[in-house]
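Chains, contacts and geometry: an overview
Spelled out, the chains give:
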Amino acid sequence: MITKGNRIQLYAGNSNRKLAEEIAQHLGTTLGKAEVGMFSDGECCVNIAETIRGTDLYIIQSTNAPVNDNLMELLILIDAAKRASAARITAVMPYFGYARQDRKARSRDPITAKLVANLLTTAGADRILTMDLHASQIQGFFDIPLDHLLGGNILYNYFKTKNIIDNNFVVVSPDIGSVTRARNVAMKLNCSMAIIDKRRPKANVMEVMNIIGDIQGKTCLMIDDMIDTAGTITQGAASLMEKGAKEVYACCSHAVLSGLAVERLEQSPIKEVVVLNTIDLPKEKQIEKIKVLSVASLFAAAIKNIYLDEPMSKLYE
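Reference entry: report on the structure contained in this document. The residue numbers shown here count from 1 along each chain, following its written sequence. Restriction of local features to residues with pLDDT of at least 70 applies here, the model being predicted, together with a cutoff of 80 or more for giving and counting side-chain atom pairs; totals for whole chains, interfaces and linings are based on all residues. Hydrogens and water are ignored here; the side-chain numbers use all heavy atoms of the structure.

1. Regarding the packing of helix 4 (residues 152-160) against helix 5 (residues 179-189)
Using the following cut-off: Here, axes are lines fitted to C-alpha atoms. For helices the fit covers the stretch in contact, and angles between N-to-C directions go from 0 to 180 degrees. Only DSSP runs of H or I with at least four residues qualify as helices, and only runs of E with at least two residues qualify as strands; both kinds are numbered from the N terminus onward. An angle below 35 degrees is treated as roughly parallel, one above 145 as roughly antiparallel, one from 65 to 115 as roughly perpendicular, and anything else as oblique. Crossing chirality is assigned from the near helix's rotation relative to the far helix, an anticlockwise turn below a right angle marking it left-handed and a clockwise turn marking it right-handed. Contacts are assigned to residue pairs that have any heavy atoms within 4.5 Å of one another. Side-chain classes follow a simple rule in which Ala, Val, Leu, Ile, Met, Phe, Trp, Tyr, Cys and Pro form the nonpolar group, Asp, Glu, Lys and Arg form the charged group, and the remainder, Gly included, forms the polar group.
One way to put it is that helix 4 packs onto helix 5 with a least axis distance of 11 Å and a crossing angle of 40°. Taken together, the axes of helix 4 and helix 5 lie oblique to each other. In the crossing of helix 4 with helix 5, the sense of the turn from one axis to the other is right-handed. Where helix 4 approaches helix 5, its residues N153, Y156 and K160 are matched on the opposing element by V185, K188 and L189. Classifying every residue of the contact of helix 4 with helix 5 gives three nonpolar, one polar and two charged.

Structure (structure tokens):
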């Protein structure tokens, strides 16, 4: 149990209540009483059923699909808490939706990640707690403090227990954008790395052009921040096997798994896909090949440090 002057209270929207309840359990508390639903016309409806005046409030909500509904739930929960005189409001977003729209890739494109940052601040959030942003520069989109947790430790510690890491183990970046992430993991696991050079002729379509690095007869671990349609991961795995890889594993922080992603993963040569529970997977997406690891203890530790005004540096590492 954690103690301080102001009371701590945790609330959750509907996007990932299992994770929220697990975080609360780690903190020795329970989720606050709130009704988060929808009117018959589709408008979000929120009612906080207890006093929160003067509390240190944490609202746990990933903004995965349905993205707009979950985002509106979060914004309205923040607004309700602000109007009910909560002392401080922290939006805990294990998965930050719209993060891929972080720049203008073409003329007249929006920068939606910045818009979402503005919306959260305007709604009344005093602080953001999130994990593995698609682009780390999004931290600079906020004019309020943002704590950025990394899920890599949880993932690579899991692979350490599998006794597959040796001189023939290679960490593979599925594209140029994930090189830094893959390099960090390769350094921690003390192994070599490779890079898949790809191009995108159109959205959600990927073509492998070349593989940079030695993967012949190697056990490969592909690592990315998210798996969405699974095109990048599955085509990359197929290319690795064609080039002589012994076996392929994959891991990511955010299992978006939209469209035909689950079917593609099932049919792919990937031996195991390890993901974090920043997004709640429905039963139809819980296939044998997918292993889910929990981030609850890490988020609980971060919330405790924020609440007690203690350093976050160890958690960042």
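2. Describing the pattern of salt bridges
Where charged atoms of side chains with opposite charge meet at close range, the side chains can pair. Rules: One side-chain nitrogen of Lys or Arg within 4 Å of one carboxyl oxygen of Asp or Glu is enough to make a salt bridge. A 1.4 Å probe rolled over the protein chains alone gives each residue an accessible area, and that area as a share of the maximum for its type sets the label: buried under 20%, exposed over 50%, partly exposed in between.
Under the defined criterion, the tally for this structure stands at 10 salt bridges. Across the pair D79 and R83 runs a salt bridge whose closest N-O atoms are separated by 2.8 Å. With D79 and R83 both in helix 2 (residues 67-83) and four residues apart, the pair spans about one turn of that helix. The exposure class of D79 is partly exposed, given its relative accessible area of 28%. R100 is the partner of D228 in a salt bridge, and the nearest nitrogen-oxygen pair spans 2.8 Å. Pair noted here: D228 is in the loop between strand 11 (219-227) and helix 6 (231-242) and R100 is in the loop between strand 5 (88-93) and helix 3 (112-123), with a separation of 128 residues, a long-range link. Residue D228 is classed as buried on the basis of its relative accessible area of 15%.

3. Observations regarding unusual backbone geometry
In this chain, A65 is followed by P66 through a cis amide linkage whose omega measures -5°. Along the polypeptide, P66 turns up in the loop between strand 4 (56-60) and helix 2. One non-glycine residue, N190, adopts positive backbone phi at about 55°. With a phi angle near 70°, A230 is a residue other than glycine that sits in the positive phi range. By the secondary structure assignment, A230 is in the loop between strand 11 and helix 6. Judged by relative accessible area, which is 3%, A230 ranks as buried.

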